[in-house]
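# An overview of the molecular structure
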Amino acid sequence: MNWTEIKVEVPAQMVEKAGNIANMVVPYGIYIEDYSNLEEEATEIAHIDLIDEELLGKDRSKAWIHVYISPEDNPNEAISYLRERFCAEQIPFEITCSSCAQEDWMNNWKKYFKPIPVGEKLLIRPLWEEEVDPQGRVVLNLEPGIAFGTGTHETTRLCLELLEKYISAGDCFLDMGCGSGILSVAALLLGAESAVGVDIDPLAVKTAEENAASNQVADRFTGICGDLTEKVTGKYHVVAANIVADIVILLSQDAPWFMYENSVFIVSGIIDTREQDVLDVLQEQFQVVERREEKGWVAMALKLKTDC
């Protein structure tokens, strides 16, 4: 059975807010076409200066969000949600639908995903890219599948940069909402002794386990499908939650149970307009030790307050 592709056209300057809304529709991620900063991003992220003529001809004033609905789900529910939220946020939009085979859309975005240097130590390499010069960086081999998390989005890059700074050799790492497993694999490649990735989506856990195997760290990675508090035990030196503001708020209530006194809690996926909402909840138990921001997205490293 074919999947349904929902394609939403929005003004390019509003794509971050629109994408944040669209991410709430499906658990396995979306992909966004945004050519408004094509030359800058090609140079800074992909490190190329030759760009395909087809891409150069794209409309820079608009962006397109692609959401894919599995055959067992009703696409009309997703469309209704998107219409309601976009209208409430006063985001101009046009929605079109089409049928597509799963293998077609899974491969569609791969042409936009190239090796990406992150922070000072990591290079994220998609498995279909055969010739890669690591230039002294630690190579993280990645096959995202349809689990969210490729390292191209600001939220994941910010999280990886903080992880690179705070993970130490011999640490135990917990990823709450592991997606593709990119954070867990990165932690292990950067010296962590073990990593646990938990997600409610079995497909995400499967993808995370495959990515751990592709990087020869499967023996130190444990993928868990299910509820965090029911399935996870023990304490960890670094804990991460790279999801969305509301889920970060929810998970922050349980995070202290899995932390030592000096553990670091890394949170990301927070759009700047929701930062204060998150801080209002976190400040009861946590203190911010570092904050990073990129293109309206915020990530923070936190520690437990000593008087908690």
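Report on the accompanying structure.

Rules used in this analysis
- Residues numbered from 1 in each chain as written.
- Predicted model: local features only at pLDDT ≥ 70, side-chain atom pairs only at ≥ 80, totals over all residues.
- Heavy atoms only, no water.
- Salt bridge = Lys/Arg side-chain N within 4 Å of Asp/Glu carboxyl O.
- Helix = DSSP H or I, 4+ residues; strand = E, 2+ residues; numbered from the N terminus.
- Buried < 20%, exposed > 50% of the residue type's maximum accessible area, 1.4 Å probe, protein only.
- Pairing = 2+ DSSP bridges.
- Right-handed = clockwise from strand over helix to strand, strands pointing away.
- Axes fitted to C-alpha atoms, helices over the stretch in contact; angles between N-to-C directions.
- Parallel < 35°, antiparallel > 145°, perpendicular 65-115°, else oblique.
- Contact = heavy atoms within 4.5 Å.
- Nonpolar A, V, L, I, M, F, W, Y, C, P; charged D, E, K, R; others polar.

## Notes on the pattern of salt bridges
- Under the definition given, this model contains 11 salt bridges.
- Between arginine 274 and aspartate 246 there is a salt bridge, and its shortest N-O distance comes to 2.8 Å. Placement of arginine 274 in the loop between β12 (259-271) and α11 (275-282) and of aspartate 246 in helix α10 (residues 245-252) is noted, with a sequence separation of 28 residues between them.
- Looking at arginine 274, the relative accessible area reads 23%, which means it is partly exposed.
- Note that arginine 292 and glutamate 290 form a salt bridge whose closest N and O atoms lie 2.8 Å from each other.
- For arginine 292, a relative accessible area of 24% gives the class partly exposed.
- By sharing partners, the salt bridges in this structure join Glu161, Lys165, Glu290 and Arg292 into a single network.

## Focus on the pairing of strand β9 (residues 194-199)
- With 5 of 6 residues buried, β9 lies mostly within the body of the structure.
- Here strand β8 (residues 172-176) pairs with β9 via 5 bridges, running parallel. When the sheet's bridge partners are listed, methionine 176 is paired in β9 with valine 198.
- Viewed along the sheet, the connection from β8 through helix α7 (residues 182-189) into β9 turns out right-handed.
- Two elements, β9 and strand β10 (residues 221-225), share 5 bridges in a ladder whose sense is parallel. From the neighbouring strand, alanine 195 faces β10, where its bridge partner is phenylalanine 221.
- What joins β9 to β10 is helix α8 (residues 202-214), and the crossover it makes is right-handed.

## Description of the packing of α10 against α11
- Between α10 and α11, the shortest axis-to-axis distance is 10 Å and the interhelical angle comes to 5 degrees. The orientation of α10 relative to α11 falls into the category roughly parallel. Side by side, α10 and α11 meet where Ala245, Val248, Ile249 and Ser252 of the first sit next to Asp277, Val278, Val281 and Leu282 of the second.
- For the contact of α10 with α11, the per-class residue count stands at 6 nonpolar, 1 polar and 1 charged.

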